[in-house]
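# Remarks on the overall topology
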Amino acid sequence: MKRLLDCTASDFVKMSGKELKQAILASEGRTMVAEVIGAVTPYYPAVTNAEMAAAFGADLILLNFFDVFNPHFEGVSTTVPDTIVKELKKLVGRPIGLNLEPVDMDAVQMETLHELPEGRMATEKSLRKAKELGFDFVCLTGNPKTGVSNTAITKAIQVARKVFGEDGLIIAGKMHSAGVAGEAGGSLMSTDTLHSFIEAGADIILIPSPGTVPGFTVEKTAKLVDAVHEKGALAILTTGTSQEGADEATIKQIALNSKMAGADLFHIGDAGASGMSIPENIMAYSVVVRGKRHTYVRMASSISR
């Protein structure tokens, strides 16, 4: 099995969820995940945000605000909406996943919440549709003001595992409180929470990068990552608090701190530009965690390889 950073578009086409996980593990902390939104006008309308993120070094593309029952992605033209994901994969030559949100109707709110369409919530019906559309992985998490709780995430993981089978790739966790009281700052997650995600069937556990959520220091985050690794899962450290739109010096500090904390994957969010991180910040993050050689090769490689 190749390392993910060495994989080409043709490798990704035939790669299963288990093989994708193994390729990430073999890359030893050199995998970049860029989150993008296709429901807005692209940063540069001549290309999709997914293409832009891939061109600046992303290995995996994560779609946010994507409604599986009303498939749409700005910049992708098709007369058959259910083929949008497959068409997008042809354009970027990367594995593509999506966020689905396990909304907890019983959670105590810390702010007024948004009402989500059915196609963005993590239900058995939406997960089955996501599989049908051709997504390579699913991320069970919560956007701001959505009411996603850790308890609801655990339940959604079990459903996702049932839907995708043992070969599916499931990411789970929170980048911030998502509007739920008692799950903010240093109380966002604990070792017990992470273990519950893994026991429910998650392959990759999502944890905020050091410096992105109050109280998440390198030391604290490293302990959580160690707890994940002890259970045989991988850890993705996330920048999902709009700091993806910060200056490059801040991005580099977050990147290096995340590397020291033991991340297997590095996520950069969709804010800063129109529906994606500032492109230069994706590249800057990539250069820190894997150097110019691997970054430039990823940026330059044709999807025809």
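In the block above lies the structure referred to throughout.
Below is a summary of the structure that appears in this document. (Residues numbered from 1 in each chain as written. Predicted model: local features only at pLDDT ≥ 70, side-chain atom pairs only at ≥ 80, totals over all residues. Heavy atoms only, no water.)

### A closer look at the sheet that holds strand β6 (residues 204-208)
Read around the closed barrel, eight strands run β1-β2-β3-β4-β5-β6-β7-β8, paired in parallel fashion. The mean angle between the axes of side-by-side strands here comes to 25 degrees, regardless of whether they run parallel or antiparallel. Inspection of the sheet shows strand β4 (residues 137-140) paired to strand β5 (residues 170-173) by three bridges, in the parallel sense. Looking at β5, one finds that Val 138 is bridged to Ile 170. Here helix α9 (residues 248-261) sits on the sheet in contact with β7 (234-239) and β8 (265-268), set at roughly 150 degrees to β8. (Pairing = 2+ DSSP bridges. Helix = DSSP H or I, 4+ residues; strand = E, 2+ residues; numbered from the N terminus. Axes fitted to C-alpha atoms, helices over the stretch in contact; angles between N-to-C directions. Contact = heavy atoms within 4.5 Å.)

### Observations concerning the packing of helix α5 (residues 124-133) against helix α6 (residues 150-164)
As a packed pair, α5 and α6 sit with axes 9 Å apart at the nearest point and diverge in direction by 40 degrees. On the basis of the axis angle, α5 is oblique to α6. As α5 packs across α6, the resulting crossing turns out to be right-handed. Contacts from Glu 124, Leu 127, Arg 128, Ala 130 and Lys 131 in α5 reach Ala 156, Val 159, Ala 160, Lys 162, Val 163 and Phe 164 in α6. In terms of residue class, the contact of α5 with α6 is made up of seven nonpolar, no polar and four charged. (Parallel < 35°, antiparallel > 145°, perpendicular 65-115°, else oblique. Left-handed = near helix turned anticlockwise from the far one by under 90°. Nonpolar A, V, L, I, M, F, W, Y, C, P; charged D, E, K, R; others polar.)

### So, the pairing of β8
Alternating residues of β8 divide into Leu 265 and His 267 and Phe 266 and Ile 268, and every residue in both groups is buried. Pairing of strand β1 (residues 31-37) with β8, which is carried by four bridges, proceeds in the parallel orientation. Among the inter-strand pairings, Val 33 is bridged to a residue of β8, identified as His 267. As judged from the four bridges shared by β7 and β8, these two strands associate in the parallel manner. By the bridge assignment for β8, Ile 236 is matched with Leu 265. (Buried < 20%, exposed > 50% of the residue type's maximum accessible area, 1.4 Å probe, protein only.)

### A few points about the nonpolar core
One finds Leu 63, Leu 140 and Ile 207 to be the most contacted residues of the largest nonpolar core, which totals 68 residues. The leading source of residues in this core is α6, at six residues. If we skip the residues at most four places from it in the chain, Leu 140 touches Leu 100, Pro 102, Ala 122, Leu 127, Ile 153, Ala 156, Ile 157, Ala 160, Ile 170, Ile 171, Ala 172 and Gly 173. Of all hydrophobic cores here, the second largest spans 20 residues; its members include Ile 24, Ile 171, Leu 206 and Leu 234. (Core = buried A, V, L, I, M, F, W, Y, C linked by side-chain atoms within 4.5 Å.)

### Quick word on helix α2 (residues 17-26)
Three or four residues apart is the spacing at which side chains of an α-helix point the same way, because the helix has 3.6 residues per turn. Inspection of α2 places Gly 17, Leu 20, Ala 23 and Ile 24 among the buried residues, and these make up the whole buried set. Buried residues along α2 cover an arc of 120 degrees about the axis, so they all sit on one side. Glu 28 lies just past α2 and shows a positive phi near 50 degrees. (Arc of directions from axis to C-beta.)

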